[in-house]
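Analysis of the macromolecular model
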Amino acid sequence: MTFMRNRQATNLVFELSQPGRRAAAYPACDVPARPLSELLPSNQLAPQLPDLPELTEPDVIRHFTNLSTLNMSVDTHFYPLGSCTMKYNPKRHERLASLPGLVDLHPYQTEDAQQGMLSILFELQQMLGEIAGLPAVSLQPAAGAHGEMTALLTAAAYFHDRGEKRTKVLFPQSAHGTNPASAAIAGFDCVQLKGQADGFVDLAELKAHLDDKTAVFMITNPNTLGLFERDIAKISHLLHDVGGLVYIDGANMNAILGITRPGDFGGDMMHYNVHKTFTGPHGSGGPGAGPIAVRDFLADYLPGPIVTRTSSEGTDRFQLTTPTKSIGRVRSHFGNVGILLRGYLYLRTLGAAGLKAVSEQAVLNANYLRAKLEDVLPVPHGERCMHEFVASAQKSKTEKGITALDIAKRLLDYGYYAPTVYFPLVVPEALMIEPTETESQQTLDAFADTIRTILNEPPEFLHSAPHATPVSRPDEVKAGRQLVLRWKR
Amino acid sequence: MAYLFNTPESQADMLQTVGVGSIEELFDQVPRELRLDRPLQLPPPLSEIELESHLRDIARQNVGASGQVSFLGGGIYDHFIPAAVDAIAGRSEFYTSYTPYQAEASQGSLQTFFEYQTLICQLTGMDVSNASLYEGATAMVEAVLMAMRVTGRRGKVIVLGSVHPEYRNTLTTYLRHFDTEIVTVPTPHGTADPGDVTSLIDDRTAAVIVQHPNFFGCLESPREIFAAAKQQGALSISVFDPISLGILERPADHGADIAVAEGQSLGIPLQYGGPYLGIFACRQEYLRQMPGRLIGETVDREGRRCFVLTLGTREQHIRRDKATSNICTNQGLLAVRATVYLSLLGPRGLREIAELCCQKAHYAAEQLTANTGLKLAFDRPFFKEFVLRCPDDAANFAHRVRSAGDIGPVLSRFSTPTGELAASAKSLLLVAVTESRTKSQIDCLAKTIRSECSSATKK
């Protein structure tokens, strides 16, 4: 990677700037131009040109193309980042999502001019409802965390409507950080439950916290240890018995597509991460899409707009509708349609059998890799896993001083992105590994061999890894203490 | 089966390594009574050829901006997108990577976001920018939540009626469980009278929100309003249009404490509502209360300059329910697009676009009100967008002239401000003019409207 690197081109864009250079040229003004001072109040005009770098188009292309080569990505590398479902992003989606009539649709066009788009979104609502076993769907949330908050606001409106004052949201210790953060934004008090030693929800602990103030229990299933919550049906009953609701964090849906459905195991609400499960590209960290699916009795409270269909004389007509008791909008415009569209294309490509095969292969790949690594990287929880597993480097740390971080960093040298490390917190020296279904046995074998190689390398050498990357072990403490968040002259 | 690698032979070998007899057995931990005992009811699978044909059929049922002349605006605009933006954003290394948790393998994204943060600071004059939020409305709401944390006040938030109706609606949704009073200042004449706003600001007020240019395209007087907010210890939130900063003074110049925007104008396609880009910048002193990812410069173990995610202690993965926001990822790929776009434009490019929009919008306003029966609804300076009052119902009117071009959203579709405007909103049209519109397109629309109006008069 350091070979043949164009270092000049990856200077900051501001350092590459040369006065007088420019890329974009615009046509001359073809209407009779008037002095700006006649059109706008002079005291509101900018006193000087905007302060931006000056580059030619080739400068810009060379700079950002070279920068891009400093990234690992799914298209270039195995990217087993646990919890993030870094599967292959089909190229057909990019071409099709860029078609005129889709990519250039303005959100305020009349319904007549967007019937095709509305038909796609309607069909997607139905498909997501079916996969969830929860029929009412809002496509509006922009990401998973946004979906969590939207569902919690929806639940709050439902309880409020029933005259119930429920203030508590419960979640297990191993929950994603977004769960409590979303509950807090939605105005709930957060209650974190201690888990059992085996990684599952402690039913006694849960029962002890359930009362008429309990609004929602948020749970990821399969959980963040990659295990299917065996008592999920009991958990749901317990919640429903006290009048509470069960929220399923759908981050790990890739394990159960067509196998079991959140609605069938007692969930009342859930979000999808379309960018994970249904291949919206991860885009260096967003955009995502976090649609939610809920039970019928919550449908009236969902944010609007939602796509509805009316049929007359064999012709379908689609319209945007706001539910009667809607919580209101949670963002401007319809939703992250560009990502939703890719999810739609993925579902239309796979169909029911294909979708089930995704989960089967994802679970097979994870279990295979787990088996290949178990003797050197033991997995403290569960005999088998779902779509991912959390291994512990505690043994190698104790025996050789090789930590999870050392392994993660050294993997980069060998051309593998690192697994998620040190999450969930319940596993010491955690390495959370999610291979996804779009990796071959050969890739998994090579990855397992590499881990073994690494564990036999000198610990001191690993402590200073990576060695082949453009930079190594950035000083994060310095970054946080001597904050430099922008370039300055 | 699409996108799966392992052959039946390979699967059998893998199952043997795992020590199970079948894939079915792998799912033993899912209780049998919870399993779905039927196939999902989904449409049948399509090959790539069939999928493409299916989608082209659907796309043809829509009318896109490239298939007609569009004067649609309302916060989302068809500004021209240079091909170089698509070329960079389409790079697999940006497109298919994720949040840069491993800095050594993510310097491309990290440096690009650092450049993005700098560009936003330069554009707005603010001290710090985060690496982006979802879109404009949630960026504005996050600004309000931050203002509440900074001021310790939850009593009142003042928002002008000329702020985008969907943004105000979103704010109401987020604050519905607070006791906070949202005071909407009526703007029946297109803008707020600064005196009306300042008299409302008190020591319970957490924030004052001004969109400038506002939803109707008109210029507000943020300087006076923000000065009054400062006196009362409330934070000033400016909702700006990035393109307007080619000719208008920056949010920092008129005293904004937090500047937020919809960044769609910066090289992001319309795509029916998203994904877009939430721009969020503020003064240095509020840094630790900011939502969202931040990228910082540092050095590596050999002293080489590099970039990392920083100040994670504000964020949900560490602070959980005490985090400054529940947001996890930023809008990475859209921030990449904006960074490339602004780098291509440079100072003179942005100035030219802003001037073209402004000149053409004023020409359009003149032509569309000359012997057409239409009138400008507001006698206020505007930038690239303006409101027309139609002789009758605007929706019907727009329908009649649509054969020649779409003349913008009908304001009655929105929850409009109280007062005079609400009563007259049914006759109002919002018209946006970008640099992509030509004189002949504007003339053509004016001509169509003229003939439509004269035939209506004859009837």
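Thresholds, definitions, all that
- Residues numbered from 1 in each chain as written.
- Chains lettered and ligands numbered in written order.
- Predicted model: local features only at pLDDT ≥ 70, side-chain atom pairs only at ≥ 80, totals over all residues.
- Helix = DSSP H or I, 4+ residues; strand = E, 2+ residues; numbered from the N terminus.
- Rg over C-alpha atoms; globule rule 2.2 N^0.38 Å.
- Buried ≥ 20, exposed ≤ 12 C-beta atoms within 10 Å, placed from the backbone.
- Contact = placed C-beta atoms within 7 Å.
- Domains from an automatic or database assignment.
- Pairing = 2+ DSSP bridges.
- Axes fitted to C-alpha atoms, helices over the stretch in contact; angles between N-to-C directions.
- Core = buried A, V, L, I, M, F, W, Y, C linked by C-beta atoms within 7 Å.
- Expected span 1.5 Å × (residues − 1).
- Arc of directions from axis to C-beta.

**So, the overall build of chain A**
- Counting its regular elements, chain A contains 16 helices and 12 strands.
- Taking 23 Å as the expected radius of gyration for a compact globule of 489 residues, we find that chain A reaches 25 Å, a close match to that expectation.
- Taken along the three principal axes of its C-alpha coordinates, chain A extends 75 × 70 × 45 Å.
- Across the 489 residues of chain A, 60% fall into the buried class.
- The contacts of chain A with a sequence gap of at least 6 include a subset with a gap of at least 24, amounting to 72%.

**Topic: the domain arrangement of chain B**
Residue and element names in this part refer to chain B.
- For chain B, the domain assignment lists domain 1 (69-79 + 346-458) and domain 2 (83-340).
- With centres defined by C-alpha atoms, the gap from domain 1 to domain 2 works out at 28 Å.
- Across the boundary between the two partners, domain 1 contributes 32 residues, which contact 27 residues of domain 2.
- Of all the secondary structure elements, the ones that give two or more residues to the side of domain 1 that touches domain 2 are helix 12 (332-368), strand 11 (385-389) and helix 14 (420-424).
- Per element, the largest residue contribution to the side of domain 1 that touches domain 2 is seven residues, and it comes from helix 12.

**Things to note about the sheet that holds strand 3 (residues 181-185) of chain B**
Residues and elements named next belong to chain B.
- Pairing is mixed in the open sheet, where seven strands are placed in the order 1-7-6-5-4-2-3. Looking at strand neighbours, the two that pair on one side only are strand 1 (128-129) and strand 3, the edges of this open sheet.
- Bridge count between strand 6 (residues 258-262) and strand 7 (residues 278-282): five bridges; the pairing is antiparallel. Looking at the pairing, Glu262 lines up with Gly278 of strand 7.
- Most of the contacts of helix 10 (residues 222-231) go to strand 5 (residues 235-240), to which it runs at about 155°, and overall it touches strand 4 (205-211) and strand 5.

**Focus: the pairing of strand 9 (residues 315-321) of chain A**
All names here are of chain A.
- Of the strand pairs in this sheet, strand 8 (residues 306-312) and strand 9 are connected by seven bridges, and their pairing is antiparallel. Looking at strand 9, one finds that Thr308 is bridged to Gln319.
- Linking strand 8 back to strand 9 in an antiparallel pair, the connection comprises two residues, with Glu313 at a positive phi of about 50°.

**A word on the sheet that holds strand 5 (residues 245-249) of chain A**
Residues and elements named next belong to chain A.
- The seven strands lie next to each other as 1-7-6-5-4-2-3, forming an open sheet whose pairing is mixed. At either margin of the open sheet sits one strand with a lone partner, and together these are strand 1 (136-138) and strand 3 (189-193). Here the average twist between neighbouring strands, direction ignored, is 20°.
- Here three bridges tie strand 5 to strand 6 (residues 269-271), and the two strands are oriented parallel to one another. Of the residues in strand 6, the one forming a bridge with Tyr247 is Met269.

**Remarks on the nonpolar core**
- With 307 residues, the main nonpolar core has Met140 and Ile237 of chain B as its most contacted residues.
- Once you skip the residues sitting within four places of it in the chain, Ile237 of chain B turns out to touch Met140, Ala143, Val144, Ala147, Ala207, Val208, Ile209, Ala256, Ile258 and Val260 of chain B.

**Regarding the interface of chain A and chain B**
- Across the boundary between the two partners, chain A contributes 170 residues, which contact 165 residues of chain B.
- Per-element tally for the side of chain A that touches chain B: the top contributor is helix 11 (residues 337-373) of chain A, with 22 residues.

**Observations concerning helix 3 (residues 57-68) of chain A**
- The end-to-end C-alpha distance of helix 3 of chain A is 16 Å, a good match for the 16 Å that 12 residues give at a rise of 1.5 Å each.
- Along helix 3 of chain A, the residues classified as buried are Asp59, Val60, His63, Phe64, Leu67 and Ser68 of chain A. Along the long axis of helix 3 of chain A, the arc covered by the buried residues comes to 155°, so they all point the same way.
- Its buried side turned inward, helix 3 of chain A meets helix 1 (13-16) of chain A together with helix 4 (83-89), helix 5 (92-95), helix 6 (107-124) and helix 12 of chain B.

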